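Examining the three-dimensional arrangement
Given next are the chains, with one letter for each unit.
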Amino acid sequence: MSDKAEKPKILPRDAFIDEVFLAAKKNPNIYFITIDLGAKALDRFRVELPNQLIHAGISEQNAMDVAAGLAQSGKIVYAYAMAPFVTLRCYEQIKVAIASMFLPVTIIGNGVGYSYNDAGPTHYATEDLSCMRALGGIEILTASDTETVLQTAHLTYTKPALRYVRLDRAFLPDIYPSGDKRFMQDGIVEIESGKDACIIASGIATHIAKDVKKILAEQGHNVAIIDAFRIKPIDGAVLKRVLNPYSKIITLEEHFLSGGMGGAIVEAMADAQILKPVKRIGVRDQYFLENGGRGYIQGLAGVDAKSAAKTAAEFLK
Amino acid sequence: MNLTELKKKCAWLRREAFEMVVRSKKGHYPSSSSCVEMVVALFYGGFMKYNAQNPKDPARDRIFISKGHAGMVLYPILEDLGFVPKGELLKFTKPDGKFRFYPDPTIPGIEAITGSLGHGMGIAAGHCLAAKRDGKNIRSFVIIGDGECYEGSTWETAMFAAHHHLDNYVVVIDRNQCIIMDHTEKCVKLDPMAEKWKAFGFHTIEINGNSIEEVTKALAEATSGKIKGPVAIVANTVKGKGVSYMENRPDWHNKMPNDEQIATARKELEAVAA
């Protein structure tokens, strides 16, 4: 890991791009495609490594096909844009040109969930995970803090593969200490212990889950927090071990329930014969046009700490 | 090869393509047939660098049949030139064969999966951009169907290729006027075709794509090294060329001929070859 990438008060995208930039300086085969999404860190990349930075135009489909051609030419390729655009707008290109040809391209979705709050459904990514999960042979990582971002970036150029990296637009407080190997190794990590129940979450929802834990504690419930960093593939044996102490399981995500993180967990539990009561908490099954900030929209959708705690408390009764 | 030999090769390729379809009851003769002159000229006319013994030779030029349903048009050539052992053609679409219904890069000589329209141009642009930035002399030829011009991704990549002055990038538009349900101009107009490519910044050459003379002349111009950016060859062709009852008939896109029709087609294709 590069020691130059700034920590900790750094936006996820800047942390990621800085890490890739430092690697790209040493490796001319690292190519970074942006689909008209900037970043502070990208300004430096653009100036210092113009040959390795490609602006694809606001053309997601073109970006993915070009990414495939570059990867076939031996390049280590990144395709970067806002999460709703870099996934759904070019979904079939990812399927045909990248996944079907087994090409190692890293797709970076910036601003998952309601990150671009108040911008409305065009900018929300509350179905990106379900869509991307459905693709064959893709690995999906959701960063929940700067350490997960940095290690993910490092992984993408040291072991290139088809990956979808989900970044929040907002700064996320630290969860893991520097050099923590657990999330990369296991994919699913207990970050706060509890007694009878646990909440599994990822990305910003992991931080919401921490608040939920506090609210539930006031009501006499002691729940553990589990960070689901790698949602595809899920190691059934690890899941069994991590969930073993808990008799009830809650999942929390800023994403629709259909095919989302909770769905992935439940599928993996079924496959691993982990038969426990589960309550999935996710975005109410509709789009929201209302404005009022991320917390307000999360509240409407039922995934803010207060709403989630209420749903969880019902389940834990 | 000289023009007479190339013409013979075209007649041979049409017969081979037709027999592949008859044998396997799979494949698209009409779409394959319309671009026969183009692929024959590329492989046998000396316009494209390839290495049959090492199909993934990094120094090779790339060819993409982006209209993937016509990808089979390359298979007889790939067998003929030794990319695969003799006999592979007989195993088209068989589980133990190398040649699959639609092309994919596990097949020697094939660069990409195609079949869904609008991908070949972008993938090829990636190859061309990488080659230029690496200082390598590699060219990509992309054959797209005119129906592919309905795909937005075609024009996304057209802008991209022109912006990057990809002078190692040749797009051939197989303008056979037909899509599955009807003629293009009756469905959603595509004309004026050449003007569109010109407007997008391509050096545009319009030809009769079923004339080997015009095809070789156009390819000579496209590969002359004198053109500063990407090239578009609008090749006006006849879908189903060589089989009279299929020519310019959209409904023959993937229909299988009956015994009588097979006999008629063979007679016509052999007459041209003779």
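Residues numbered from 1 in each chain as written. Chains lettered and ligands numbered in written order. Predicted model: local features only at pLDDT ≥ 70, side-chain atom pairs only at ≥ 80, totals over all residues. Heavy atoms only, no water.

**Let's talk about the packing of helix α9 (residues 204–218) of chain A against helix α13 (residues 305–316) of chain A**
Residues and elements named next belong to chain A. Between α9 and α13, whose axes approach to 9 Å, the crossing angle comes to 55°. The pairing of α9 with α13 is recorded here as oblique in orientation. Of the two elements, α9 crosses α13, and the hand of that crossing is right-handed. Every residue of α13 that contacts α9 at I208, D211, V212, I215 and L216 is listed here: A305, K306, A308, A309, A312, A313 and L316. (Axes fitted to C-alpha atoms, helices over the stretch in contact; angles between N-to-C directions. Helix = DSSP H or I, 4+ residues; strand = E, 2+ residues; numbered from the N terminus. Parallel < 35°, antiparallel > 145°, perpendicular 65-115°, else oblique. Left-handed = near helix turned anticlockwise from the far one by under 90°. Contact = heavy atoms within 4.5 Å.)

**Re the sheet that holds strand β10 (residues 230–232) of chain A**
Pairing between sheet strands relies on hydrogen bonds along the backbone, with the strands arranged either parallel or antiparallel. All names here are of chain A. Taken together, the 7 strands give an open sheet; going across it, the order is β2-β1-β3-β4-β6-β5-β10, and neighbouring strands pair in mixed fashion. At either margin of the open sheet sits one strand with a lone partner, and together these are β2 (53–55) and β10. When the angles between neighbouring strand axes are averaged without regard to direction, this sheet yields 20°. With 4 bridges joining them, strand β5 (residues 139–142) and strand β6 (residues 163–167) adopt parallel strand pairing. Within the sheet, the bridge partner assigned to I140 lies in β6 and is Y164. Set on the sheet, helix α1 (residues 12–26) makes contact with β1 (30–34), β3 (76–82), β4 (105–110) and β6; between it and β1 the angle comes to about 145°. (Pairing = 2+ DSSP bridges.)

**So, the environment of V36(B)**
Note on placement: V36(B) falls in helix α3 (residues 36–44). Here V36(B) falls in the buried class, since its relative accessible area comes to 0%. (Buried < 20%, exposed > 50% of the residue type's maximum accessible area, 1.4 Å probe, protein only.)

**Topic: the packing of aromatic side chains**
The geometry of an aromatic ring pair is captured by two quantities: the separation of the ring centres and the angle between the planes. Taken as a whole, this structure holds 21 aromatic pairs over all chains when the rule is applied. Between F32(A) and Y78(A), the ring centres sit 5.8 Å apart and the planes meet at 25°, which makes this aromatic pair stacked. Of the two residues, F32(A) sits in strand β1 while Y78(A) sits in strand β3, which places them 46 residues apart along the sequence. Between F43(B) and Y50(B), the aromatic rings sit 5.5 Å apart at their centres with planes inclined by 50°, giving tilted as the arrangement. F43(B) sits in the buried class, given a relative accessible area of 4%. Residue Y50(B) is classed as partly exposed on the basis of its relative accessible area of 32%. Every member of this aromatic cluster is reached through a ring pair, and the members are F16(A), F21(A), F32(A), F45(A), Y78(A) and Y80(A). The lysine or arginine in question, K248(A), covers the ring of F315(A), its NZ or CZ lying 4.9 Å from the ring centre. (Phe/Tyr/Trp six-rings, centres within 6.5 Å; stacked < 30°, edge-to-face > 60°. Lys NZ or Arg CZ within 6 Å of the ring centre and 35° of its normal.)

**Here's the deal with unusual backbone geometry**
Cis geometry marks the peptide bond from K232(A) to P233(A), where omega comes out at -5°. Relative to the assigned elements, P233(A) resides in the loop between β10 and α10 (236–243). Here the amide bond leading from D191(B) into P192(B) is cis, since omega sits at 0°, within 30 degrees of zero. Positionally, P192(B) belongs in the loop between α7 (184–187) and α8 (193–199). Its identity as a non-glycine residue notwithstanding, F102(A) has a phi of 55°, on the positive side. Inspection of the secondary structure puts F102(A) in the loop between α5 (91–99) and β4.

**Re the domain arrangement of chain A**
All names here are of chain A. If you check the domain split of chain A, you get domain 1 (12–167) and domain 2 (188–316). Computed from C-alpha coordinates alone, the two centres of domain 1 and domain 2 are separated by 26 Å. On the domain 2 side, the residues contacting the 29 residues of domain 1 number 32 residues. For the domain 1 and domain 2 pair, buried surface summed over both sides reaches about 2,300 Å², with 53% attributable to carbon and sulfur atoms. Three residues stand out in domain 1 for area buried against domain 2, namely Y114, D118 and R133, and they jointly supply 31% of the buried area on that side. At the junction of domain 1 with domain 2, the criterion picks out 1 salt bridge. Note that R133 is salt-bridged to E267, the shortest N-O span being 2.7 Å. For the pair domain 1 and domain 2, the interface holds 22 residue pairs in polar contact (both at pLDDT 80 or more). Counting only elements with at least two residues in the side of domain 1 that touches domain 2, the list comes to α6 (128–133), β5 and α7 (146–158). Looking at the side of domain 1 that touches domain 2 residue by residue, the class counts come to 11 nonpolar, 12 polar and 6 charged. (Domains from an automatic or database assignment. Buried area = accessible area lost by both parts, 1.4 Å probe. Salt bridge = Lys/Arg side-chain N within 4 Å of Asp/Glu carboxyl O. Polar contact = N/O pair within 3.5 Å; in protein donor to acceptor, adjacent residues only side chain to side chain. Nonpolar A, V, L, I, M, F, W, Y, C, P; charged D, E, K, R; others polar.)

**A short note on the nonpolar core**
Residues Y169(B) and W197(B) are the most contacted members of the largest nonpolar core, which totals 82 residues. Each of domain 1 (12–167) and domain 2 (188–316) of chain A gives at least three residues to this core. Each residue touching Y169(B), except ones within four places of it in the same chain, is listed here: M121(B), G122(B), A124(B), A125(B), C128(B), S140(B), V142(B), T157(B), A161(B), F202(B), P230(B) and V231(B). With 60 residues, the next largest nonpolar core counts M38(B), V73(B), V170(B) and L219(B) among its residues. (Core = buried A, V, L, I, M, F, W, Y, C linked by side-chain atoms within 4.5 Å.)

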